[in-house]
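# Overview (structure and organization)
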There are 4 protein chains.
Amino acid sequence: MTEANYSFSTGFAVRDYECDIQGVVNNANYLHYLEHARHEFLISKGISFSKFHEEGIDLIVTRVEIDYKYPLRSLDKFVVCIKIQREGNVRIIFEQDIFRQPDHKLIVNSKVTAIATKNGRPIRPGDLLSQLGLE
Amino acid sequence: MTEANYSFSTGFAVRDYECDIQGVVNNANYLHYLEHARHEFLISKGISFSKFHEEGIDLIVTRVEIDYKYPLRSLDKFVVCIKIQREGNVRIIFEQDIFRQPDHKLIVNSKVTAIATKNGRPIRPGDLLSQLGLE
Amino acid sequence: MTEANYSFSTGFAVRDYECDIQGVVNNANYLHYLEHARHEFLISKGISFSKFHEEGIDLIVTRVEIDYKYPLRSLDKFVVCIKIQREGNVRIIFEQDIFRQPDHKLIVNSKVTAIATKNGRPIRPGDLLSQLGLE
Amino acid sequence: MTEANYSFSTGFAVRDYECDIQGVVNNANYLHYLEHARHEFLISKGISFSKFHEEGIDLIVTRVEIDYKYPLRSLDKFVVCIKIQREGNVRIIFEQDIFRQPDHKLIVNSKVTAIATKNGRPIRPGDLLSQLGLE
């Protein structure tokens, strides 16, 4: 599987402060990369968190599964690739994989589950699903 | 299930810089809490990373599954509780759950898979398993 | 100078994820320690950010001077010590120093300047200064 | 003063996880931006940390002065600009300023002092100074 199989990808470079004593990116920082890539993806779809938030709607991560395949090191460049699907009425699944560049080595596989809530309760987010092409 | 069902627990307090725009602890920071609790647990078992590292042995996280049940906020106190088991010959599973204090509200369920490697290759870490009571 | 010369101190232990490739705490993390210690200090004085915030008053850091004397490493324990003084009508100076424990080795000297703002404009925060004993 | 007065600049965008409860970038994260920009600057000069490190030479930050002029927020783009000078025989001063883009608003002024050490002792780093044009 290569980056072409995804609907969105965005590039990063490792920053030294993200590496730990072992000289590799600390495990928690991959969640930062995944989160930032999701936000860029949603913005690319014209989705405005602040507009939804004003209507009381928030998108909340409820579960993350992440497989660490190979570590990133100082100066490495990489892309985070995203595919999405709906699961039932309320869950949006972000399949997010990280590949080192330029050699396409698989670094991380992940599956991030999010739900929309309105005033704290799960809802079926019609407008959001439309904008994501999941309706 | 309460904290009594685990073999180890360690207390934390949320620091404001760990919270994000929504006023809750950022998802990635829970991985920091889980990592720090694992390291404290291993130290409590007399396990010295540096001694193992000198012998070429490292303990590597290969997979994290984390369910976010309820968010932590500024000033919240909480405990990270740990149970371990062996899976096959090479995997050590850390079941790590987070409870807010003093009300024991479940915040996070997680399952962290680690393997021992010697010079980069997975091994059955006999001494480590003994010290963890998993032999 | 020892910890006895300060009006407040609070203890920490280095967490491994705070260390970088060189095996020492990354420079930026000392600002996290200093911030968390200031917040604990203000809480110890009965100062509620949220109450002040509701009145439109915020305490903003405008300048940090920090001298790195000696690095902290994995597992090190340390204290952040605080002394405060007023500078003119609007500035509060936090002199914050970090000492490793138990050997009292000086790790960091710092001077953090904060001002109070009301609806974004600097003010002389009478109530805050009283609670801090700076009136 | 604009970006043209510096010898190096590099662009960033704020990531949401870098913002805190107040909706602005947390103060400590500016030190991360400054560090990453310095490393990019040194790489642009052909300076290899690993080669110097093999010779026992390290570049250590000993002091940071930072003035927070205006906060960055979610989605803001900005540049970190760098000028350097020598101070005495052993200190290299990085004057690093941050400007929001595209409006050039000044966000942060900073002065970062570094020294070179060989096997832990300060030295006059001839080769490094040459490569930086400070000889």
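For the structure itself, consult the block above.
Keep in mind that what you see is a predicted model, and the values were worked out from it rather than measured.

Our next topic: the relation of the copies chain B and chain A. Superposition of the two copies of the chain requires a rotation about an axis together with a shift along that axis. If you rotate chain B by 180 degrees and push it 0.0 Å along the axis, it lands on chain A with an RMSD of 0.0 Å. Taken together, the turn and the small shift mark the pair as related by a two-fold rotation axis. For chain B, the smallest separation between a C-alpha atom and the rotation axis is recorded for E65 of chain B, amounting to 2.2 Å. Most of the interface of chain B is mirrored in chain A, where 100% of its interface residues again form contacts.

For the rest of this paragraph, the subject is helix α1 (residues 27-44) of chain D. Residue and element names in this part refer to chain D. In this model α1 runs 27 Å from its N-terminal to its C-terminal C-alpha over 18 residues, within 8% of the 26 Å that 1.5 Å per residue would give. Among the 18 residues in α1, 13 count as buried, and that is most of the element. Looking one or two residues beyond α1, the residue adopting positive phi is G46, at roughly 75 degrees.

Here we come to the packing of helix α1 (residues 27-44) of chain A against helix α1 (residues 27-44) of chain B. Viewed as axis vectors pointing N to C, α1 of chain A and α1 of chain B meet at an angle of 175 degrees, and their least axial separation amounts to 8 Å. On the basis of the axis angle, α1 of chain A is roughly antiparallel to α1 of chain B. Along its contact with α1 of chain A, which presents N27, A28, L31, H32 and E35 of chain A, the element α1 of chain B presents N27, A28, L31, H32 and E35 of chain B.

Below, the discussion takes up the relation of the copies chain B and chain C. When chain B is brought onto chain C, the operation consists of a screw motion whose angular component is 180 degrees and whose axial shift is 0.0 Å, with 0.0 Å RMSD remaining. Comparing interface residues between copies, 100% of those in chain B also lie at the interface in chain C; the contact surface is shared.

Residues and elements named next belong to chain B. For the bond from Q101 to P102, the omega torsion is 5 degrees, close enough to zero to count as cis. Of note, P102 is situated in the loop between β4 (91-101) and β5 (106-118). Within the chain, H104 stands out as a residue other than glycine whose phi angle is a positive 60 degrees. Counting through the fold element by element, H104 comes out in the loop between β4 and β5.

This part is about the pairing of β5 of chain B. Residues and elements named next belong to chain B. Two strands pair when backbone bridges link them, and strand β2 (residues 57-68) and β5 are joined in this way by 11 bridges, in the antiparallel orientation. Within β5, the residue paired with V64 across the bridge is V112. Where β4 lies against β5, 9 bridges are found, and the strand directions are antiparallel. Across the sheet, the residue bridging to I98 is V108, located in β5.

Another point: the pairing of strand β4 (residues 91-101) of chain C. Residue and element names in this part refer to chain C. As paired strands, strand β3 (residues 77-87) and β4 are joined by 11 bridges and run antiparallel to one another. Bridging from a neighbouring strand, E87 pairs with R91 of β4. Between β3 and β4, which pair antiparallel and follow one another directly, the connecting turn spans 3 residues, one of which, G88, has a positive phi of 65 degrees. The hairpin formed by β4 and strand β5 (residues 106-118) contains 4 residues between the paired strands, and H104 there has a positive phi angle of roughly 60 degrees.

The next thing to look at is the interface of chain B and chain A. On the chain A side, the residues contacting the 13 residues of chain B number 13 residues. For the side of chain B that touches chain A, the secondary structure elements donating two or more residues are α1 and β2 of chain B. Examining the composition of the side of chain B that touches chain A, we find that 8 residues originate from one element, β2 of chain B, more than from any other. Here 5 bridges tie strand β2 (residues 57-68) of chain A to β2 of chain B, and the two strands are oriented antiparallel to one another. In the sheet register, V64 of chain A faces β2 of chain B, and the bridge partner there is I66 of chain B.

So, how was this worked out
Residues numbered from 1 in each chain as written. Chains lettered and ligands numbered in written order. Predicted model: local features only at pLDDT ≥ 70, side-chain atom pairs only at ≥ 80, totals over all residues. Least-squares fit on C-alpha atoms with pLDDT ≥ 70 in both. Contact = placed C-beta atoms within 7 Å. Helix = DSSP H or I, 4+ residues; strand = E, 2+ residues; numbered from the N terminus. Expected span 1.5 Å × (residues − 1). Buried ≥ 20, exposed ≤ 12 C-beta atoms within 10 Å, placed from the backbone. Axes fitted to C-alpha atoms, helices over the stretch in contact; angles between N-to-C directions. Parallel < 35°, antiparallel > 145°, perpendicular 65-115°, else oblique. Pairing = 2+ DSSP bridges.

By themselves, these are just geometric observations and shouldn't be taken as functional.
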